Amino acid sequence: MFEIIKITLKLLVRNKGFWFFLVATPILSTIILGIEQTNLGAYEMVGETEIVELDDMDSKVAYYGGKGKCVVKVYDASDSELSDYVLNKLLSSGAFIVCRVKVPGMTREEVEERNHYDGYEDRMGASIYLGEDFDKEALAGDVNDSLTVYVLSDDERYKLLENDLKLSLGQIKNAVQMAGEDNVIKTLEAMNENVPQKQVKHLGGKDQRELTNHQLDQKAIMGYALAILTMGYVFGGLFIAHTVIKEQKDMVLTRLKLTNLSNTGYYAAKFVSSAVVAGMLSIIISITTLSISEEKIGISRPSFIALIFLMGLIFCSISLLFGILLDNVMSANVAAFTLWSMSSLLSGLYFPLDSTTKAVKIMSCMMPQKWFLDGVEMLMVDDNKVYLVLLCVTVAYLIITLSLGSVGIKYKNYE
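Computed from a predicted model, the values in this text were never measured in an experiment. (Residues numbered from 1 in each chain as written. Predicted model: local features only at pLDDT ≥ 70, side-chain atom pairs only at ≥ 80, totals over all residues. Heavy atoms only, no water.)

Concerning a negative patch on the surface
The condition that has to hold: Excluding any residue in a salt bridge, patches collect residues exceeding 30% relative accessible area, merging like charges within 9 Å and nonpolar Val, Leu, Ile, Met, Phe, Trp and Tyr side chains within 5 Å. Note that accessible areas follow from Shrake-Rupley with a 1.4 Å probe, and for residues the cover is restricted to the protein chains shown. Salt bridges are defined as contacts in which a side-chain nitrogen from Lys or Arg sits within 4 Å of a carboxyl oxygen from Asp or Glu. For the purpose of counting charges, residues Lys and Arg are taken to be positive, whereas Asp and Glu are taken to be negative. His and the chain ends are not included. Charge placement uses NZ in Lys and CZ in Arg. For Asp and Glu, CG and CD serve respectively. Secondary structure counts use DSSP, requiring at least four H or I residues in a row for a helix and at least two E residues in a row for a strand, with both numbered from the N terminus. The buried label goes to any residue with under 20% of its type's maximum accessible area, the exposed label to any with over 50%, and the partly exposed label to all in between, with areas taken from a 1.4 Å probe on protein chains only.
A cluster of acidic residues, Glu 109, Glu 110, Glu 112 and Glu 113, forms a negative patch at the surface. Its location among the elements puts Glu 110 in helix α4 (residues 108–121). Among the residues examined, Glu 110 registers a relative accessible area of 39% and is labelled partly exposed.

Remarks on the pairing of strand β4 (residues 126–130)
Definition in use: At least two DSSP bridges between two strands are needed for those strands to be called paired.
Of all 5 residues making up β4, 5 are buried, and the element is well covered by its neighbours. Of the two faces of β4, the one carrying Ala 126, Ile 128 and Leu 130 and the one carrying Ser 127 and Tyr 129 are both buried. As paired elements, β4 and strand β5 (residues 147–151) share 5 bridges and run antiparallel to each other. Along β5, the bridge assignment pairs Tyr 129 with Thr 148.

Re the pattern of salt bridges
Taken as a whole and judged by the stated rule, the model has 11 salt bridges. The residue Lys 219 makes a salt bridge to Glu 377 at a minimum N-O spacing of 2.2 Å. Taken as a pair, Lys 219 in helix α8 (residues 213–249) and Glu 377 in helix α15 (residues 368–380) lie far apart in primary sequence, 158 residues in all. On the basis of relative accessibility, which here comes to 10%, the residue Glu 377 falls in the buried class. Each of the salt bridges in this network shares a partner with another, and the network as a whole consists of Glu 53, Asp 76, Asp 84 and Arg 100.

Overview of the pairing of strand β2 (residues 70–76)
We apply this condition: Looking down the strands as they point away from you, a crossover is right-handed if its path from the first strand over the helix to the second goes clockwise.
The buried fraction of β2 amounts to 7 of the 7 residues, a majority that puts the element mostly inside the structure. Because side chains alternate across β2, one face comprises the buried residues Cys 70, Val 72, Val 74 and Asp 76, and the other comprises Val 71, Lys 73 and Tyr 75, equally buried. Where β2 and strand β3 (residues 96–102) come together, 7 bridges link them in parallel fashion. When the sheet's bridge partners are listed, Asp 76 is paired in β3 with Lys 102. As a crossover connection, the stretch from β2 through helix α3 (residues 81–92) into β3 is right-handed.

Looking at the packing of aromatic side chains
Counted only if it meets this: Classification of ring pairs rests on two measures: the distance between centres of Phe, Tyr or Trp rings, Trp counted by its six-membered ring, which must be within 6.5 Å, and the angle between planes, read as stacked under 30 degrees, edge-to-face over 60 and tilted in between.
Scanning the entire structure with this criterion turns up 6 aromatic pairs. A ring pair is formed by Phe 21 and Phe 235, whose centres lie 4.7 Å apart and whose planes are at 5°; its orientation type is stacked. Remark: Phe 235 occurs in helix α8 and Phe 21 occurs in helix α2 (residues 16–33); sequence separation between them is 214 residues. Phe 235 shares its class with Phe 21; the two are buried. Relative to Trp 340, the ring of Phe 337 has its centre 5.7 Å away and its plane inclined at 55°; by these criteria the two rings are tilted. Of this pair, Phe 337 and Trp 340 both sit in helix α13 (residues 329–346), separated by 3 residues, roughly a single helical turn. Residue Phe 337 is classed as partly exposed on the basis of its relative accessible area, which comes to 46%.

Regarding the nonpolar core
Going by this rule: As used here, the term nonpolar core means buried Ala, Val, Leu, Ile, Met, Phe, Trp, Tyr and Cys residues forming a set that is joined through side-chain atoms within 4.5 Å. Whether two residues touch is decided by their heavy atoms; if any such pair falls within 4.5 Å, the residues are in contact.
Membership of the largest hydrophobic core comes to 65 residues, with the highest contact counts inside it found for Met 222, Leu 226, Tyr 233, Ile 299, Phe 304, Leu 307 and Ile 308. Listed by contribution, the elements that provide at least two residues to this core are α1 (2–13), α2, α8, α10 (263–288), α12 (301–326), α13, α15 and α16 (386–414). Per-element tally for this core: the top contributor is α8, with 18 residues. Here Leu 307 is in contact with Leu 226, Phe 372, Gly 375, Val 376, Leu 379 and Leu 390, once residues within four sequence places are set aside. Phe 96, Ile 128, Phe 134 and Leu 188 belong to the second largest nonpolar core, which has 29 residues in total.

Digging into the confidence of the model for the chain
The cut-off we apply is this: What pLDDT expresses is the predictor's confidence in each residue, scored from 0 to 100.
Taken as a whole, the chain shows an average pLDDT of 82; of its residues, 89% reach a score of 70 or greater. Confidence scores differ between elements of the chain, with helix α9 (residues 252–257) showing the lowest mean pLDDT of 68 and α2 the highest of 91. Counting contacts from residues 202–206, a segment whose pLDDT is below 50, to residues more than four positions away or on other chains yields 1 contact.

Re the sheet that holds β3
What counts is decided by this rule: Here an axis means a line fitted to C-alpha atoms, over the contact stretch when the element is a helix, while the angle between two N-to-C directions is reported on a 0 to 180 degree scale.
Strand order in the open sheet formed by 5 strands is β1-β3-β2-β4-β5, with mixed pairing between adjacent strands. Two strands bound the open sheet, and with one partner strand each, they are β1 (52–53) and β5. Packing against the sheet, α3 makes contact with β2, β3 and β4, and its axis sits at approximately 155° to β3. Sitting on the sheet, α4 is in contact with β2, β4 and β5, with an inclination near 145° to β2.

Topic: the side chain of Arg 301
Checked against the element boundaries, Arg 301 lands in helix α12. The side chain of Arg 301 is buried and forms no salt bridge, while Glu 294, the nearest opposite charge, is found at 4.5 Å. Each residue touching Arg 301, except ones within four places of it in the same chain, is listed here: Thr 289, Leu 290, Ile 292, Ser 293 and Glu 294.

Details of unusual backbone geometry
Phi is positive for Asp 79, which is not a glycine, with a value near 50°. Tracing the backbone through its elements, the reader meets Asp 79 in the loop between β2 and α3. Owing to a relative accessible area of 41%, Asp 79 belongs among the partly exposed residues under this scheme. We note that Asp 382 has phi near 60°; this positive angle belongs to a residue other than glycine. On the secondary structure map, Asp 382 appears in the loop between α15 and α16.

Thoughts on empty space enclosed by the protein
Summary: where empty space remains is shown by rolling a probe the size of a single water molecule over the atoms. How we decide: Each cavity reported here is a set of points on a 1 Å grid over the protein atoms alone in which a 1.4 Å probe fits but cannot get out, each pocket an open set with protein on both sides within 12 Å along at least five of seven lines, and each lining residue one with an atom within 4 Å of a point. Grid points are joined across faces, edges and corners, and a volume is the space filled by probe spheres set on the points. Ten residues, namely Ala, Val, Leu, Ile, Met, Phe, Trp, Tyr, Cys and Pro, are considered nonpolar, four, namely Asp, Glu, Lys and Arg, are considered charged, and the remaining ones, Gly among them, are considered polar.
Overall, the coordinates contain 1 cavity of 30 Å³ or more when judged by the stated rule. The computed volume of the largest cavity comes to approximately 30 Å³. If you go around the largest cavity, the residues you meet are Leu 33, Gln 218, Ile 221, Met 222, Lys 296 and Ile 297. A total of 3 residues in the lining of the largest cavity trace back to one element, the largest contributor, which is α8. Tallied by class, the residues present in the lining of the largest cavity amount to 4 nonpolar, 1 polar and 1 charged.

Here's what the structure looks like:
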């Protein structure tokens, strides 16, 4: 069996295509992991309890509408305690997600020009402009020049938005009458203490892991990297499958059986070769990612290497199985490409599948990458059960592929 492994690896080393996937996919995955990019994840937990502070005017707010709330973009030129109060009261209604960009010195005309861009390039329910004189006018009870609401969709909740703003401005006016302009904030805080506090209970998805914005971006980037790595593992196992197909056609397996080598032993040798290939790819990716910090990856480096090795072990063995069952190089190539593209798509590596149908979710659970992407989430929240879960998933897939592979070799031999 050792000689079969040795010969198989020699044949792989002489194959230029094998070297391409062995080197190119880890390098490409490393480039993806090193990307400095935000707004890649689907922000579902953002903006429910606090104002979303945007870096600049070009930041997209469409990413924050995952919970079905009305997204409101605020151009805040005042950046004052009163503007904070009004926006937090708007947020507390539970119907809106407030995304604010601080724009000192920005005029109403500039905001109107900006809204033409946002109306086509972004997606939001409405936008609000708070002028530099918002405090002065709010205290005087007249905000016609410093507060403007722009309705940018057909969402009927804009009426609720207007009512909430009127209510907040009315509270400010009452506070001025009660305590004067100098004690408005303290008076408003005292008034809010008498308001019944809202208690939120999540009835569904109680086992869902909550990630921060940054972790959601890291998860999205990790999904793209895992998709590229999957291609490397799939085609790495495919080249081993090519050797099996060729040896079957050249009657090599028949001659090997004369040495009392069983079908299971032959397949075990090929499986060990695929494990070596998975290890080689994992070693190369571990070297190429040394330039990327663990904080950028999102999980510890040993956990990342262990995760991709186990995933590689599964896909190398599945590609090997396809080569044995199909017994044709071209058919095996097509099957390997289909396996890579469809499994990456259905597992949620490219985009979340939370809002898809039940049938798609069931198919997603059959894809190995789905479990490893979930493993990335578990590692991000320091859930120690991740190692047991990934080991069980790997063992389950290997048992299936090893069993079918041994039966397939035996069947092809008799055929």
